[in-house]
Amino acid sequence: MRTFRCDCGNYLYFENIQCLACGRMAGYLPDERKLSTLEPLAENAWMAVSNCQPYRLCKNSLDYNVCNWMIPERDQHALCASCRLNHLIPNLTEAQNVTLWYRVEQAKRRLLYTLFDLNLPVIGREQDPESGLCFEFLQDVNVSGEFNNAVTAGQNVVTGHFSGKITINLREADHSARIEMRDKMNERYRTLLGHFRHESGHYYWGRLIGGTNRIGGFHELFGDEQKDYQLALSDYYTYGPPPFWQEKWISAYASAHPWEDWAETWAHYLHMVDTVETAYDLGFRTQGSDITLPQAGIQMDEDYRTPAVFDTLFDDWCRLSAALNALNRSMGLDDAYPFVISGIVLNKLRFIHQVVTEANPRSSPPVTPSQNAAIG
């Protein structure tokens, strides 16, 4: 994630709607992939200072102040490129839901930033009505005020993926409820952004793996996805992960099923890419070495060797995550990255890097029938 600069020299961050130094309005330009200050032209008409082009505010910015993505004047949509991917939004007659929705939208836009930055295909329902990417942000019916998940009684909304549709339980945006669920599930890491990254992995399994010539490599590393999914999850929640799961999987949940192994590993790959890019943009050096800009998704010439670039990314990530954990401990906080990457998991991450690098944003393979299973 990059940082940006106002014309006055002040830093602008991805979520900013205004420069706090000079007071200028600011908005993110998805067509330019940059945050820009804005000059008013007319009612809901703005000129982006960075490229002198006209834009409009997203309707969700005008009505609810939950979005900072701009719409190019030539685009006739009322919603920005991020918000038009929404299929269902929360019930906004409940005041607290506007705040929770804002947090959900922040996490979703960070996911989309990374997907666009990696040149991954983002195919919405306008283009693919059956299995295009869309989002639903729903809340549980209040059952004694208890936040439920798939393994607790009375569950209403399950965070998960189904044929391109990513559903997020709105209570994941409630910090206290999410931490309570993290402790109940014996997880060391549970974040709203992490949910988005995990569920996007299921979407991209269908776009980039299922029905393609990459399925053999997937089977070799992750296993056979035709294994009964519901039975596998039932066994996982009943008996827990196998002994010494750390030797083969990035997380305990990854051991439940090959689809979950892929999604968990995919999420960790996005963790790495985004955080290393942030460190690079801020000029970090760790243990005497500069952080290198992640290169996945950039078109390379015939002499380009993916493993060399991945090795650089992973080396940077190891040094950076160790530093982040040490800094967090100095502040009395939990580790930022409480995971150990084994050699087997490293090969899975390398495979995902290869898949991302080879992905063509202009075409993608069809979704296979097996992708229609609901997965979380």
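Residues numbered from 1 in each chain as written. Predicted model: local features only at pLDDT ≥ 70, side-chain atom pairs only at ≥ 80, totals over all residues. Heavy atoms only, no water.

Participant: Can you walk me through the pattern of salt bridges in this structure?
Facilitator: Oppositely charged side chains may form a pair once their charged atoms are brought near each other. By the definition in use, this model includes 21 salt bridges. Residue R74 is joined to D31 by a salt bridge in which the shortest nitrogen-to-oxygen separation is 3.8 Å. One end of the pair, R74, is in the loop between β7 (70-72) and β8 (86-88); the other, D31, is in the loop between β3 (25-29) and β4 (34-42), and 43 residues separate them in sequence. Note on R74: relative accessible area 66%, which makes it exposed. (Salt bridge = Lys/Arg side-chain N within 4 Å of Asp/Glu carboxyl O. Helix = DSSP H or I, 4+ residues; strand = E, 2+ residues; numbered from the N terminus. Buried < 20%, exposed > 50% of the residue type's maximum accessible area, 1.4 Å probe, protein only.)

Participant: I would appreciate a short explanation of the packing of helix α5 (residues 215-222) against helix α9 (residues 343-358) in the present structure.
Facilitator: The relative placement of two packed helices is expressed as an angle between their axes plus a distance between the axes. It is the contact of α5 with α9, at a shortest axis distance of 10 Å, that shows an interaxial angle of 160°. As far as their axial angle goes, α9 and α5 are roughly antiparallel. Both α5 and α9 take part in a crossing whose hand is left-handed. Facing α5, whose interface residues are G217, F218, L221 and F222, α9 presents N347, K348, F351 and I352. (Axes fitted to C-alpha atoms, helices over the stretch in contact; angles between N-to-C directions. Parallel < 35°, antiparallel > 145°, perpendicular 65-115°, else oblique. Left-handed = near helix turned anticlockwise from the far one by under 90°. Contact = heavy atoms within 4.5 Å.)

Participant: Before we go on, may I ask you to explain the packing of helix α2 (residues 95-117) against helix α4 (residues 192-208) in this structure?
Facilitator: Look at α2 against α4: their axes get within 9 Å of each other, and the N-to-C directions meet at 50°. Between α2 and α4, the interaxial angle falls into the category oblique. The element α2 and its partner α4 pack so that their crossing is right-handed. When α2 is examined against α4, the residues R103, V104, A107, K108, R110, L111, T114 and L115 are found in contact with a partner set consisting of L192, L193, F196, R197, S200 and Y204. In terms of residue class, the contact of α2 with α4 is built from 8 nonpolar, 2 polar and 4 charged. (Nonpolar A, V, L, I, M, F, W, Y, C, P; charged D, E, K, R; others polar.)

Participant: Looking at this structure, how should I read the packing of aromatic side chains?
Facilitator: In this description, a pair of aromatic rings is defined by centroid distance and the angle of the planes. One pass over the full model with this rule turns up 27 aromatic pairs. Taking 5.0 Å as the distance between ring centres and 75° as the angle between the ring planes, the aromatic pair formed by F14 and Y28 counts as edge-to-face. Pair noted here: F14 is in the loop between β2 (11-12) and β3 and Y28 is in strand β3, with a separation of 14 residues, a long-range link. For the residue pair F14 and Y28, the accessibility class agrees, reading buried in each case. Judged by centre distance (6.0 Å) and plane angle (65°), the ring pair of Y189 and F339 falls under edge-to-face. Of the two residues, Y189 sits in the loop between α3 (175-184) and α4 while F339 sits in the loop between α8 (306-330) and α9, which places them 150 residues apart along the sequence. What links up through ring pairs into an aromatic cluster is the set Y203, Y204, W205, F218, F222, Y229, W259, W262, W266 and F351. Over the ring of Y11 we find R5, and its NZ or CZ is 3.8 Å from the ring centre. (Phe/Tyr/Trp six-rings, centres within 6.5 Å; stacked < 30°, edge-to-face > 60°. Lys NZ or Arg CZ within 6 Å of the ring centre and 35° of its normal.)

Participant: Explain the nonpolar core here, please?
Facilitator: Across soluble globular proteins, nonpolar side chains have a tendency to be buried as a group. L120, F196, W262, W266, Y269 and I341 are the most contacted members of the largest nonpolar core, which has 80 residues in total. With 9 residues, helix α7 (residues 258-281) is the single largest residue contributor to this core. (Core = buried A, V, L, I, M, F, W, Y, C linked by side-chain atoms within 4.5 Å.)

Participant: Would you mind showing me how to read the confidence of the model for the protein chain here?
Facilitator: Interpretation of this model should avoid reading the predicted coordinates in detail wherever pLDDT is low. On average, the protein chain scores 87 in pLDDT, and the residues at 70 or more come to 88%. No element of the protein chain has a lower mean pLDDT than strand β13 (residues 289-290), at 86, and none a higher one than β7, at 97. Taken together, the stretch residues 298-306 has pLDDT below 50 and engages in 8 contacts with residues farther than four places along the chain or on a different chain. Predicted confidence is poor over residues 361-374, with pLDDT under 50, and the contacts of this stretch with residues over four places away or in other chains come to 34 contacts. (pLDDT = per-residue confidence, 0-100.)

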